[in-house]
Amino acid sequence: MGYGRDGMYGWIWRHLPGNAWIKALTSIVLVLAVVYVLFQYVFPWAEPLLPFNDVTVDNS
Amino acid sequence: MTVSVLGELLITAGLVLGLFVVYSLWWTNVIADRAANRQADKVRDHWAQGDGGTGGPGALDTKDGIGFLHVPAMKNGEVLVEKGTSTKVLNDGVAGYYTDPVKAVLPTSGKEGNFSLAAHRDGHGAKFHNIDKLKKGDPIVFETKDKWYVYKVYAVLPETSKYNVDVLAQVPKESGKKKPGHYITLTTCTPVFTSRYRYVVWGELVRVDQVDSERTEPAELR
């Protein structure tokens with residue numbers, strides 16, 4: 001379905017506008033945006049659901 | 001071609017998990033320390049302003065924190081102590097005193113009982129990371145606006161169930177004590193990087209020093 005032989009990242013790469021430099025820059029920005037969303041929203045949400053950081057004793 | 005997409009997804013998942021480790025063990029410390037420092041400064045400012053020669057438990061401002069815990073054996077400076085042990089409180093890189101399931105008795109009340117505290121072992125400031133370095137006889141000092149409460153560790157429980165709320169009892173029998181006294185209890189999770197068990201350290205009050213005008217630290221901290 002259009003991903004070709006080089007997977008989804010290749011697909012994204014080919015659909016980014018501009019020459020290789022601009023594509024590389026855009027990619028970096030995209031990666032940073034993803035990391036930001038993960039650190040700011042996804043991980044804080046996921047953390048309490050995972051059994052790594054309970055430090056108190058309780059009855060529950 | 002579906003294989004390459006699947007491979008990419010697996011690599012991506014690996015990277016995300018790696019990032020989660022970075023987040024848990026580094027980034028949460030950065031933001032927790034920032035929050036803790038801000039709140040600690042506020043408490044110190046309040047104390048410095050003195051609000052009219054108060055002293056005594058009535059002057060206690062529990063919102064920003066009630067004092068600082070100094071544990072030389074943990075080598076982590078001072079730890080702000082706040083009310084409650086909810087995730088929200090502890091994630092600010094502080095130690096919280098229990099309000100539930102067993103209410104901590106604050107040393108400032110002067111009453112006999114157990115001053116029970118919890119803090120993170122890893123991430124979010126990791127204030128009790130080095131709890132395993134504490135040995136019998138080591139000092140734990142709690143600093144308030146006008147007093148230094150000097151405790152000495154007398155018992156350690158390196159591993160117990162997370163449901164063992166008896167360790168917080170006003171007279172913690174598991175530590176070997178039978179009579180009421182002024183106790184302090186530190187709890188955190190163990191082994192490191194997991195939450196399977198709880199690590200518990202008990203101390204007993206040996207001395208209360210008055211804070212002087214220079215806030216000279218008690219001998220245990222020098």
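Up top you'll find the structure we're talking about.
A quick note: this is a predicted structure, and the numbers were derived from the prediction, not measured.

**Overview of the overall build of chain B**
When helices and strands are counted, chain B shows two helices and eight strands. Considered along the principal axes of its C-alpha atoms, chain B spans approximately 75 × 40 × 30 Å. Residues classed as buried in chain B amount to 36% of the 222 residues present. Partitioning the intrachain contacts of chain B with sequence separation of at least 6 by distance along the chain shows that 59% fall at a separation of at least 24.

**Considerations on the overall build of chain A**
Looking only at helices and strands, chain A features two helices and zero strands. Counting across all 60 residues of chain A, residues that qualify as buried make up 10%.

**Some details on the sheet that holds strand 6 (residues 147–160) of chain B**
The strand order around the closed barrel formed by eight strands is 1-2-3-4-7-8-6-5 (chain B), and the pairing between neighbours is mixed. Averaged over all adjacent pairs, the angle separating strand axes in this sheet is 30°, with direction ignored.

**Description of the nonpolar core**
All names here are of chain B. Of all hydrophobic cores here, the largest spans 47 residues; its most connected members are V81, A95, F115, L117 and A119. For this core, the secondary-structure elements that each account for two or more residues are helix 1 (2–49), strand 2 (78–83), strand 3 (95–97), strand 4 (113–118), strand 5 (139–143), strand 6, strand 7 (182–190) and strand 8 (197–210). The element contributing the most residues to this core is strand 6, with five residues. Residues within four places of V81 in sequence aside, it is in contact with G65, I66, G67, F68, L69, V94, A95, Y97 and L117.

**Structural notes on the interface of chain B and chain A**
Interfaces are often described in size by the accessible area the parts lose on coming together. With 33 residues of chain B at the interface, the matching set in chain A holds 21 residues. Those elements giving two or more residues to the side of chain B that touches chain A turn out to be helix 1, helix 2 (87–90) and strand 7 of chain B. Of all the elements, helix 1 of chain B adds the most residues to the side of chain B that touches chain A, at nine residues. Counted by class, the side of chain B that touches chain A contains 17 nonpolar, 12 polar and four charged residues.

**With respect to the pairing of strand 7 of chain B**
Remark: a regular strand shows side chains that alternate across the two faces of the sheet. All names here are of chain B. With eight of nine residues buried, strand 7 is to be regarded as a mostly interior element. Here six bridges tie strand 4 to strand 7, and the two strands are oriented parallel to one another. The residue of strand 7 that forms the bridge with L117 is L186. Two elements, strand 7 and strand 8, share eight bridges in a ladder whose sense is antiparallel. Paired with T190 across the two strands is Y197, which belongs to strand 8. Counting the residues between successive antiparallel strands, the hairpin from strand 7 to strand 8 contains six residues, one of them, F193, with a positive phi of roughly 70°.

**Topic: the environment of L38 of chain A**
Mapped onto the elements of the fold, L38 of chain A is located in helix 2 (residues 20–46). On the basis of neighbour counts, which here come to 18 C-beta atoms within 10 Å, the residue L38 of chain A falls in the partly exposed class. Taking C-alpha positions, L38 of chain A is 23 Å from L16 of chain A, a pair spaced 22 residues apart along the chain. Each residue touching L38 of chain A, except ones within four places of it in the same chain, is listed here: F43 of chain A together with V16 and L19 of chain B.

**Here we look at the pairing of strand 1 (residues 67–70) of chain B**
Residue and element names in this part refer to chain B. Both strand 1 and strand 2 contribute to a ladder of four bridges, which runs antiparallel. Among the inter-strand pairings, H70 is bridged to a residue of strand 2, identified as E78. Strand direction decides the pairing type here: strand 1 and strand 5, joined by three bridges, are antiparallel. By the bridge assignment for strand 5, F68 is matched with E143.

**Here we look at unusual backbone geometry**
When glycine is set aside, most residues are seen to have a negative phi, and most peptide bonds are trans. All names here are of chain B. For the bond from D100 to P101, the omega torsion is 0°, close enough to zero to count as cis. Secondary-structure assignment places P101 in the loop between strand 3 and strand 4. Positioned with a positive phi, H124 is a non-glycine residue whose angle comes to about 50°. Examined against the element boundaries, H124 turns out to sit in the loop between strand 4 and strand 5. Classification of H124 as buried rests on a count of 26 C-beta atoms within 10 Å. The phi angle at F193 is positive, at roughly 70°, despite the residue not being glycine. Looking at the secondary structure, you find F193 in the loop between strand 7 and strand 8. In this structure F193 comes out as partly exposed when scored by C-beta crowding, with 14 C-beta atoms within 10 Å.

Calculation criteria
Per chain, the residues get numbers from 1 upward, laid out in the order the sequence is written. Lettering for chains starts from A, numbering for ligands starts from 1, and both go in the order in which the items are written. Totals for whole chains, interfaces and linings use every residue, but because this is a predicted model, local features are given only for residues with pLDDT of at least 70 and side-chain atom pairs only at 80 or more, for both listing and counting. Under the scheme used here, helices are H or I runs from DSSP no shorter than 4 residues and strands are E runs no shorter than 2 residues, and both carry numbers assigned from the N terminus. Using C-beta atoms placed from the backbone, we call a residue buried if 20 or more other C-beta atoms fall within 10 Å of its own, exposed if 12 or fewer do, and partly exposed for counts in between. Whether two residues are in contact is decided by their C-beta atoms, placed from the backbone, lying within 7 Å. The pairing criterion is simple: DSSP has to find at least two bridges between the two strands. Orientation is described by lines fitted to C-alpha atoms, with helices fitted over the stretch in contact, and by angles between N-to-C directions that extend from 0 to 180 degrees. Working definition: the nonpolar core is a set of buried Ala, Val, Leu, Ile, Met, Phe, Trp, Tyr and Cys residues, joined through C-beta atoms within 7 Å. All residues other than Ala, Val, Leu, Ile, Met, Phe, Trp, Tyr, Cys, Pro, Asp, Glu, Lys and Arg, Gly among them, are scored as polar; the first ten of these are nonpolar and the last four charged.

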